[in-house]
Amino acid sequence: MPVVRWGEQTFPLHGNETVLDALLRNGVSVSYACKSGSCGSCMLQAREGTVPARAQAGLKDSWKAQGYFLACVCVPEADLAAAPLGAEARIRATIISLGNLSPSVKQVLVRRDVASDIRPGQYIAIIRPDGLARSYSVAGLPEEDVLEFHVRLIPNGRMSGWLHNDACVGDRVTTLGPSGECFYVPGNEDQPLLLAGTGTGLAPLWGVLRDALRCGHRGPIHVFHGAVHQGGLYLCDELRSLTQTHEHVTYTPVLLTGDPIPGTEIGAIDKVILGRFPKLAGWRAYLAGDPDIVRSLKMQLFLAGAGSRDILADAFLHSAD
Ligand SMILES: Cc1cc2nc3c(=O)[nH]c(=O)nc-3n(C[C@H](O)[C@H](O)[C@H](O)COP(=O)(O)OP(=O)(O)OC[C@H]3O[C@@H](n4cnc5c(N)ncnc54)[C@H](O)[C@@H]3O)c2cc1C
């Protein structure tokens, strides 16, 4: 039976137990959220032993080379010595602004003590002083060391509730990351882009859109933002204004229910997108937000001809408990 070594302690792994579960079972305090290898909150470093490839999927090469891995999906076949990440990966940061984008969405700006290489659209784990960790997509980088997040208030949500109601400018948090492949890659400036998301799934899309324009993207860029009702939309004026200054950008708000409103589609976001663009061969798509909608859209876009490598998606998975 393989063991996990943690400092001076040794914990045998039970059956197919993950490193995260073994550490938690033995009372070790480790940050985590999704428990499915998506959010990056539980990243650790292997000091000795071999990490299974699945536990490093999606991590950047320099992190793999340093032995970083996601403890929640790491089931080692042999003994593994693990340790918390070093200071180079966990960067302390200060909340410098808390503004309202809508009654349910806060714009949170944090300044990291050290700037690092992040692309708008990637995501970062924010870790509160008590260890609670949640991932948020980077909606923009107003300055090199400042990150912009859009946080939707979830009923009884521990992190979103704190950021909406209790956090103050000046509060300190720890940031971990970036992770994720949902960012603009220069080099194919005429390719049509589809940016589709629901709720605060708009955050990475807003980052990707502005980055694509900054990089001189010339091909059409179609933004679809879905919400259940009008109150779930935000940044409408900013997006409309971008369509006026950039004629290759379109913006379509999509409401699941309600009476018709000029300039807004009513219906399911996937039906609206596929109704307008039934053939997507050669397109690149960025998807974010509700996990079920992201999963379904991914499949439908693929069936409509988009290459799987051209579909970049971040599902906003909930925390596991
Ligand atoms: C890769 C990634 C990127 C993300 N980016 C963003 C982002 O940019 N903006 C953003 O607002 N969120 C984002 N999230 C979601 C975010 O990480 C948190 O899950 C969310 O803020 C809720 O955390 P919480 O602590 O407030 O709620 P919790 O305390 O974790 O949950 C409270 C209760 O609400 C339920 N719940 C949690 N989330 C939802 C939901 N979305 N809808 C309905 N019920 C829910 C839980 O199951 C639980 O019962 C992202 C998630 C991932 C994995």
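### Quick look at the site of the ligand
- Taken together, 22 residues sit near the ligand, with Ser135, Tyr136, His150, Ser160 and Ser319 positioned nearest.
- Residue His150 places a main-chain N or O atom 2.8 Å away from a nitrogen atom belonging to the ligand.
- One of the side-chain N or O atoms of Ser319 is found 2.6 Å from an oxygen atom in the ligand.
- When isolated, the ligand has an accessible area of 950 Å², and the protein chains bury 80% of it.
- Broken down by secondary-structure element, the contributors of at least two residues to the shell around the ligand are strand E9 (133-137), strand E11 (146-152) and helix H3 (158-166).
- By residue class, the composition of the shell around the ligand is ten nonpolar, nine polar and three charged.
- Both domains that furnish three or more residues to the shell around the ligand are identified here as domain 2 (90-179) and domain 3 (193-315).

### A look at the pairing of strand E14 (residues 221-227)
- The element E14 is largely enclosed, with a buried count of seven among its seven residues.
- Along E14, one buried face is formed by Ile221, Val223, His225 and Ala227 and the opposite face, lined by His222, Phe224 and Gly226, is buried too.
- Here six bridges tie strand E13 (residues 193-198) to E14, and the two strands are oriented parallel to one another. Of the residues in E14, the one forming a bridge with Ala196 is Phe224.
- Crossover handedness for the path E13 to helix H4 (residues 202-214) to E14: right-handed.
- The parallel pair E14 and strand E15 (residues 249-255) is bridged by helix H5 (residues 236-245), and the resulting crossover is right-handed.

### As for the pattern of salt bridges
- For the structure on display, the rule yields 13 salt bridges.
- Among the ionic pairs, Glu148 bridges to Arg210, the shortest N-O distance being 3.2 Å. Here the residue Glu148 occupies a position in strand E11, and Arg210 occupies one in helix H4, the gap between them amounting to 62 residues.
- Here Arg218 ties to Asp190 by a salt bridge, and the two come within 3.0 Å at their closest N and O atoms. Residue Arg218 is found in the loop between H4 and E14, and its partner Asp190 is found in the loop between strand E12 (172-179) and E13; the two are separated by 28 residues along the sequence.
- Through salt bridges with shared partners, a single ionic network connects Arg111, Glu143 and Asp145.

### Some words on helix H6 (residues 269-276)
- Three or more residues of H6 are buried, namely Ile269, Asp270, Val272, Ile273 and Leu274.
- As for H6, its buried residues are in contact with E13, E14, E15, strand E16 (265-266) and helix H7 (291-303).

### A few points about the sheet that holds E16
- Taking strand neighbours across the sheet as the criterion, the six strands line up as E16-E15-E14-E13-E17-E18 in an open arrangement whose pairing is parallel. Strands with a single pairing partner mark the edges of an open sheet, and in this sheet they are E16 and strand E18 (311-315).
- In this sheet, E18 lies alongside strand E17 (residues 284-289) in parallel orientation, the contact comprising five bridges. Considered in E18, the bridge of Ala288 is made with Asp314.

### So, the environment of Val272
- Checked against the element boundaries, Val272 lands in helix H6.
- By relative accessible area, which is 12% here, Val272 ends up buried.
- In this structure, Val272 is in contact with Phe224, Val254, Glu265 and Gly267, ignoring residues within four places of it in sequence.

### A look at the sheet that holds strand E5 (residues 80-83)
- Spatially, E2-E1-E5-E3-E4 is the arrangement adopted by the five strands of the open sheet, whose pairing is mixed. Only two strands of the sheet have a single partner each, and these edge strands are strand E2 (9-12) and strand E4 (68-70). Shown here is a sheet whose adjacent strand axes are inclined to one another by a mean of 40 degrees, direction ignored.
- As judged from the three bridges shared by strand E3 (residues 43-48) and E5, these two strands associate in the antiparallel manner.

About the thresholds
- Residues numbered from 1 in each chain as written.
- Predicted model: local features only at pLDDT ≥ 70, side-chain atom pairs only at ≥ 80, totals over all residues.
- Heavy atoms only, no water.
- Near = heavy atom within 4 Å.
- Polar contact = N/O pair within 3.5 Å; in protein donor to acceptor, adjacent residues only side chain to side chain.
- Areas by Shrake-Rupley, 256 points an atom, 1.4 Å probe, with all protein chains shown as cover.
- Helix = DSSP H or I, 4+ residues; strand = E, 2+ residues; numbered from the N terminus.
- Nonpolar A, V, L, I, M, F, W, Y, C, P; charged D, E, K, R; others polar.
- Domains from an automatic or database assignment.
- Buried < 20%, exposed > 50% of the residue type's maximum accessible area, 1.4 Å probe, protein only.
- Pairing = 2+ DSSP bridges.
- Right-handed = clockwise from strand over helix to strand, strands pointing away.
- Salt bridge = Lys/Arg side-chain N within 4 Å of Asp/Glu carboxyl O.
- Contact = heavy atoms within 4.5 Å.
- Axes fitted to C-alpha atoms, helices over the stretch in contact; angles between N-to-C directions.

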